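Secondary and tertiary structure notes
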Amino acid sequence: MRATDPQISFADLEFMKQGIRLEPTLKAIADFLDQHGAILQRVRRDLFRGLKKPRRGRSGLTAEQVLRSLILMRVKNWDYRELRERIADGYTLRHFTDFNSRLVPQHDAFNRAVNRLTPETLQAINDAVIQAAVRLGLEDGTKLRVDTTVVETDIHHPTDSTLLWDAVRVVTRLVGKLAAVLGAGVGPFTNRTRSARRRMQEIQRMTARERHRRQVRTYRALIRITERVVTEARAVVDRTGRVRGLDPLKHAMIDALRHEIARYCALGDRVISQTRRRVLDGEQVPAGDKLYSIFETHTDLIKRGKVLKPVEFGHKVFLAESGRGLITQYQVLNGNPSDQVHVKPSLDRHTVIFESAPSLYSSDRGFFTEENLKTCRTAGVTLTCIPQKGGTRSAEREALEKSRAFKQGQRFRAGIEGRISVLFRGRGMKRALVEGRTHFELFVGAAVLANNLLVIAQLLRRKARKATRRRRPAA
């Protein structure tokens, strides 16, 4: 991949003469990005990273094309295929993404380019966008509301039986690929996917009464099948490591497949262990010891006391939003930490960005502790709007929570629920259709960046309309 700024061609000049007009929101975003070109430096650095001779070879996507395409994809909530088709099919989107008359690459080129970015780069770009908004006077940082939500990973609902079945079918498929590459076969290996699937489906279809009588016996059979598949697959890995006389390309393919088989065998061992402990031994397996997917191994189990969704699988995400709707802070968390631990770090971070503490700090009762209230007072927060959680309220506390200012602060806090809903429905952040923890964090960062640029575009347009009205002479 080469991140270069291509020379403008005669076709581009003719393209620009067409008088193409972007829709107002995209126009405001494009103008903002044009005025803050330093944002592209981090993107360009990521595209160059790992390339021995980045100035040679075939031309790749430029930093501007990558960043603008990523923003457009999240603003419109498209996938890579639709992104490519829309850009190739429309003059305005060609202009916005800086392709103009040039050929638009296939969707996988966009995917490879975006995946070269790092979560740290998206975090730095978001920080730069917030700082630019502060310099433009679009945000003063006097209000801050915080909350946490859960972004799901792209997995099926995990049960021990389906995880065992996943291990069997994936390992068997990889061994089949390895045999196809070698041509001469891999030696003794029995395909047990059919028997494993039958045991898995039998467990899934059991009624509550049948589970008492048949579940343990069926699970024992499924575990035995999985153990045999894993053992035979490991023997295949050992045998194929001694293969010689093949060309370098085939050796690379064989080594990659052997590595994948060994990795999924190790994951299969973890699934077998947790199933045996829970089903056969009757042990209560801690959530931290469990594996919820052999594909997205970083997935956490989150319990937030929701009636409709008592258990969620993904990652908890902390969000802090300013009074104008800018997400000034976001963080993908590990595990299921209490909301109470985020108050001091969020205040410290806000002080760094705006050089002062907010006048109003608002959250739900999950963030409440006496220590957090003291932290807010010490930092200089005028009104700490966090309802008390548990215990009996004192008369002073009761009067505070019934006051007009406190109730207005809580109404302001409710706005972050709407922001989370917009991120889920409009920016596609409800479920991350990506692979791996790094790409998960990149996905969340891109959704937040798209939200912030849209908010800034709206604020800039509003500011321009007010300026126009002030300049307009009185009738």
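Whatever comes next refers back to the structure up there.
Quick caveat, the model's predicted, so the values are computed rather than measured.

**Examining the packing of helix α9 (residues 160–182) against helix α11 (residues 208–240)**
- α11 packs onto α9 with a crossing angle of 25 degrees between their chain directions and a minimal axis gap of 10 Å. Relative to α11, the element α9 lies roughly parallel. Crossing of α9 over α11 shows left-handed handedness. Residues Asp-160, Ser-161, Leu-164, Ala-167, Val-168, Val-171, Thr-172, Val-175, Leu-178 and Leu-182 of α9 touch α11, and the partners they reach there are Tyr-219, Leu-222, Ile-223, Thr-226, Val-229, Ala-233, Val-236 and Thr-240.
- Its residues assigned to classes, the contact of α9 with α11 shows 13 nonpolar, four polar and one charged.

**Re helix α7 (residues 107–115)**
- For α7, the complete set of buried residues consists of Ala-109, Phe-110, Ala-113 and Val-114. Summarising the axial view, the buried residues of α7 lie within an arc of 130 degrees, below the 170-degree limit, and thus occupy one face.
- Here the buried face of α7 lies against α3 (40–48), α4 (63–76), α5 (80–89) and α17 (437–471).

**Here's the deal with the packing of α11 against helix α12 (residues 248–280)**
- Here α11 crosses α12 at 155 degrees, and the two axes come no closer than 9 Å. By the angle class used here, α11 and α12 are roughly antiparallel. Handedness of the crossing formed by α11 with α12: left-handed.
- Counted by class, the contact of α11 with α12 contains 14 nonpolar, three polar and seven charged residues.

**Considerations on a positive patch on the surface**
- There is a patch of like positive charges on the surface, built from Arg-324, Arg-461, Arg-462, Lys-463, Arg-465, Lys-466, Arg-469, Arg-470 and Arg-471.
- Classification of Arg-471 by relative accessible area gives exposed; the value is 63%.

**So, empty space enclosed by the protein**
- Inspection of the entire model under this criterion finds two cavities of 30 Å³ or more.
- Looking at the largest cavity, its volume works out to about 40 Å³.
- Every residue along the wall of the largest cavity is listed here: Leu-33, His-36, Ile-39, Leu-40, Glu-64, Leu-67 and Arg-68.
- If you tally residues by element for the lining of the largest cavity, the top one is α4, at three residues.
- For the lining of the largest cavity, a count of residues per class yields four nonpolar, one polar and two charged.
- In this structure, the second largest cavity spans a volume of roughly 30 Å³.
- Contributing to the lining of the second largest cavity are Asp-127, Ile-130, Gln-131, Thr-328, Arg-349 and Ile-353.
- Going through the elements one at a time, α8 (119–135) and α13 (343–354) are the ones with two or more residues in the lining of the second largest cavity.

**Overview of the layout of surface pockets**
- Of the pockets and cavities examined, the largest pocket occupies roughly 560 Å³.
- Lining the largest pocket are 23 residues, and of these Tyr-80, Leu-433, Val-434, Glu-435 and Phe-443 lie nearest its centre.
- Among the secondary structure elements, those contributing two or more residues to the lining of the largest pocket are α4, α7 and α17.
- When residues of the lining of the largest pocket are assigned to their parent elements, the largest contribution, four residues, is made by α17.
- Residue composition of the lining of the largest pocket, by class: eleven nonpolar, five polar and seven charged.

What counts as what
Residues numbered from 1 in each chain as written. Predicted model: local features only at pLDDT ≥ 70, side-chain atom pairs only at ≥ 80, totals over all residues. Heavy atoms only, no water. Axes fitted to C-alpha atoms, helices over the stretch in contact; angles between N-to-C directions. Helix = DSSP H or I, 4+ residues; strand = E, 2+ residues; numbered from the N terminus. Parallel < 35°, antiparallel > 145°, perpendicular 65-115°, else oblique. Left-handed = near helix turned anticlockwise from the far one by under 90°. Contact = heavy atoms within 4.5 Å. Nonpolar A, V, L, I, M, F, W, Y, C, P; charged D, E, K, R; others polar. Buried < 20%, exposed > 50% of the residue type's maximum accessible area, 1.4 Å probe, protein only. Arc of directions from axis to C-beta. Patch = residues over 30% accessible without salt bridge, like charges linked within 9 Å, V, L, I, M, F, W, Y side chains within 5 Å. Areas by Shrake-Rupley, 256 points an atom, 1.4 Å probe, with all protein chains shown as cover. Salt bridge = Lys/Arg side-chain N within 4 Å of Asp/Glu carboxyl O. Lys, Arg positive; Asp, Glu negative; His and termini not counted. Charge placed at Lys NZ, Arg CZ, Asp CG, Glu CD. 1 Å grid on protein atoms, 1.4 Å probe; cavity = no way out; pocket = protein on both sides within 12 Å on 5 of 7 lines; lining within 4 Å. Points joined across faces, edges and corners; volume = space filled by probe spheres on them.

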